[in-house]
Amino acid sequence: MSPHLEMHRLTRLYEMLARVNQAIVRTRSRQELLTQACRIAIDPGPFAAAWIACFDPASSSFPPQSAFGEYAPLLTSEFIGSCCRGLEVLRSGVHSFVPDLSCSPCEIVRELRLRACVTYPLRLKGESCAVLILCASEPLALSPLETGLLAEVASDLSSALDALELDRLQLTGEYLPQENDQYYRLVLENALDGFYLVDITGKLLEVNDAYCSMSGYTRPELLQMRISDLESAESATDVAEHTRRIIHDGKDRFESRHRRKNGIVMDIETSVRFQDVDGGRLFCFLRDITDAKRAAQALRDSEERFRSVVEGSPVSILIQSDGIYRYLNPAAIAMFGGQSAEQFVGKYLFERVHPENRASVKERIRVLQEDRQVVPFMEERLHRLDGSLLEAEVSAKPFFYEGRAASIVFLRDITERKQ
């Protein structure tokens, strides 16, 4: 995988994580959250289908709770349990990644035309109770960073399920303070993210090992501090006002900056839920997103440099996917006799291809998008906007553009030379 493609896919996964977290803040029902999570999972990422299925001990099966993607109606419990190793994931509590399903004995794999699968456990009160399954329509290679980001998605969903369950207990009158203390200790001990418990004045009452590691402070040191002692982006007055808003709204999710003990500032994403117990408590989960923000900025810088080079290139360059123009640089627009990219973008490129060349162009697009192979220089007959003949040398290579498989095409006008 090219560095640019890898960076682009990482950014898409960071986007998935952020959008799932936004859904957690907005949604109030368990089913709505699971449905939104599946829809989000296949939108920005490399996946074609997403399912969440709860395990039924009575039948040892996985009835789907929510699903999204064109293959969702064909999902079976056998596929989840066997092909996606759902039972193994539940028992071990560790995710499973099958990079190539082509050798799977499951008949439904061939019916669904799915070629890769990654499965994560979802937990309630620390116990694995369901699985999150993401499938791709082609063999997939995921880096440790990518699988780690997906693990964060599963972890956040698990934390949200715990919070929604607590809400349900309160609404139904099943809330018991002593049992709730044990409940929160269990959540705290199993949290992968940083966690602290705060009173309404901002004083830290409890903190887990993860946040100690993130901040560099020991637990006794942190328990002598207030949120304003850690905050770098908000003043003590801002923290107090923010706390009042959270108490009024019941929860919030936001980005901020915390100062480590060594003085280095880290970017933090915080999820807070207020509970009106013991005079008021704020339960805060925190994630260090410093690397994520750096990666996103690096991608933006890389894309800006790429665009600057392509826009200023005298070589005609265009990007296509599924036979549709997605981008043309100024040189390509001028070569086709156009005035602006709007004359081309969103239209089928075959409109500009000579009828006798269309079959070969279709085959080359297939090679680019399915086989992901470079297409060497070949001569093609094209048409300018005014209908005049344009003969060009054309080469192309697989590319990734705005979250979809595409190809970048290089053209050289050889009309005069041929004539």
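Higher on the page you've got the structure.
Residues numbered from 1 in each chain as written. Predicted model: local features only at pLDDT ≥ 70, side-chain atom pairs only at ≥ 80, totals over all residues. Heavy atoms only, no water.

Colleague: In this structure, what is going on with the overall build of the protein chain? I would like to understand it.
Modeller: Counting its regular elements, the protein chain contains 15 helices and 15 strands. A separation threshold of at least 6 residues defines the contact pool for the protein chain, and within that pool the share at least 24 residues apart is 52%. For the protein chain, the computed accessible surface area is about 20,600 Å², with 51% contributed by carbon and sulfur atoms. (Helix = DSSP H or I, 4+ residues; strand = E, 2+ residues; numbered from the N terminus. Contact = heavy atoms within 4.5 Å. Areas by Shrake-Rupley, 256 points an atom, 1.4 Å probe, with all protein chains shown as cover.)

Colleague: Sorry, what's going on with the nonpolar core here?
Modeller: A general trend in soluble globular proteins is that nonpolar side chains are found buried together. Core analysis: the largest hydrophobic core is formed by 39 residues, its most contacted members being Met16, Phe47, Ile52, Leu134, Leu150 and Leu157. Counting only elements with at least two residues in this core, the list comes to helix H1 (3-26), helix H2 (30-41), strand E1 (49-54), strand E4 (116-124), strand E5 (127-136), helix H6 (144-171) and helix H12 (290-312). In terms of residue count, the dominant contributor to this core is H6 (eight residues). (Core = buried A, V, L, I, M, F, W, Y, C linked by side-chain atoms within 4.5 Å. Buried < 20%, exposed > 50% of the residue type's maximum accessible area, 1.4 Å probe, protein only.)

Colleague: When you look at the packing of aromatic side chains in this model, what are you seeing that I'm missing?
Modeller: How two aromatic rings sit relative to each other is set out by the distance from centre to centre and by the angle between their planes. Considering all chains together, one arrives at six aromatic pairs under this definition. Between Tyr325 and Phe344, the aromatic rings sit 6.0 Å apart at their centres with planes inclined by 75 degrees, giving edge-to-face as the arrangement. Note that Tyr325 is positioned in strand E12 (residues 324-328) and Phe344 in the loop between helix H13 (330-335) and helix H14 (358-371), a separation of 19 residues in sequence. For Tyr325, a relative accessible area of 3% gives the class buried. (Phe/Tyr/Trp six-rings, centres within 6.5 Å; stacked < 30°, edge-to-face > 60°.)

Colleague: Help me out: how do you make sense of the pattern of salt bridges in this one?
Modeller: Any two side chains of opposite charge can pair, on the condition that their charged atoms come close. This model, assessed by the stated rule, comprises 15 salt bridges. A salt bridge links Glu269 to Arg287; its shortest N-O distance comes to 3.6 Å. Separated by 18 residues along the polypeptide, Glu269 in strand E9 (residues 265-275) and Arg287 in strand E10 (residues 281-288) bring together distant segments of the chain. Here Glu269 and Arg287 have matching classes, each one buried. The closest approach of N and O atoms between Glu356 and Arg381, which form a salt bridge, is 2.5 Å. With a gap of 25 residues between them, Glu356 in the loop between H13 and H14 and Arg381 in strand E13 (residues 375-383) connect regions that are remote in the sequence. Through salt bridges with shared partners, a single ionic network connects Glu152, Asp156, Arg253, Glu269 and Arg287. (Salt bridge = Lys/Arg side-chain N within 4 Å of Asp/Glu carboxyl O.)

Colleague: Help me understand the sheet that holds E5 in this model?
Modeller: Two strands in a sheet stick together by hydrogen bonds in their backbones, pointing the same way (parallel) or opposite ways (antiparallel). The strand order E2-E1-E5-E4-E3 describes an open sheet built from five strands, whose pairing is antiparallel. This sheet does not close on itself; its edge strands, each paired only once, are strand E2 (64-69) and strand E3 (96-98). Between one strand and the next, the sheet's axes are offset by a mean angle of 15 degrees, whatever the strand orientation. Pairing geometry for E1 and E5, over six bridges, is antiparallel. Directly across from Ala49, in E5, lies its bridge partner Cys135. In the packing of H2 onto the sheet, contacts are made with E1, E2 and E5, and the angle to E2 comes to roughly 30 degrees. (Pairing = 2+ DSSP bridges. Axes fitted to C-alpha atoms, helices over the stretch in contact; angles between N-to-C directions.)

Colleague: Would you mind going over the sheet that holds E9 with me for this structure?
Modeller: Read across the open sheet, the five strands follow the order E7-E6-E10-E9-E8; overall the sheet is antiparallel. Each end of this open sheet is capped by a strand with a single partner; those strands are strand E7 (204-207) and strand E8 (251-259). The mean angle between the axes of side-by-side strands here comes to 30 degrees, regardless of whether they run parallel or antiparallel. Of the pairings in the sheet, the one linking E9 to E10 comprises eight bridges and is antiparallel in character. Within E10, the residue paired with Glu269 across the bridge is Arg287. Contacting E8, E9 and E10, helix H11 (residues 236-249) crosses the sheet at an angle of about 155 degrees to E8.

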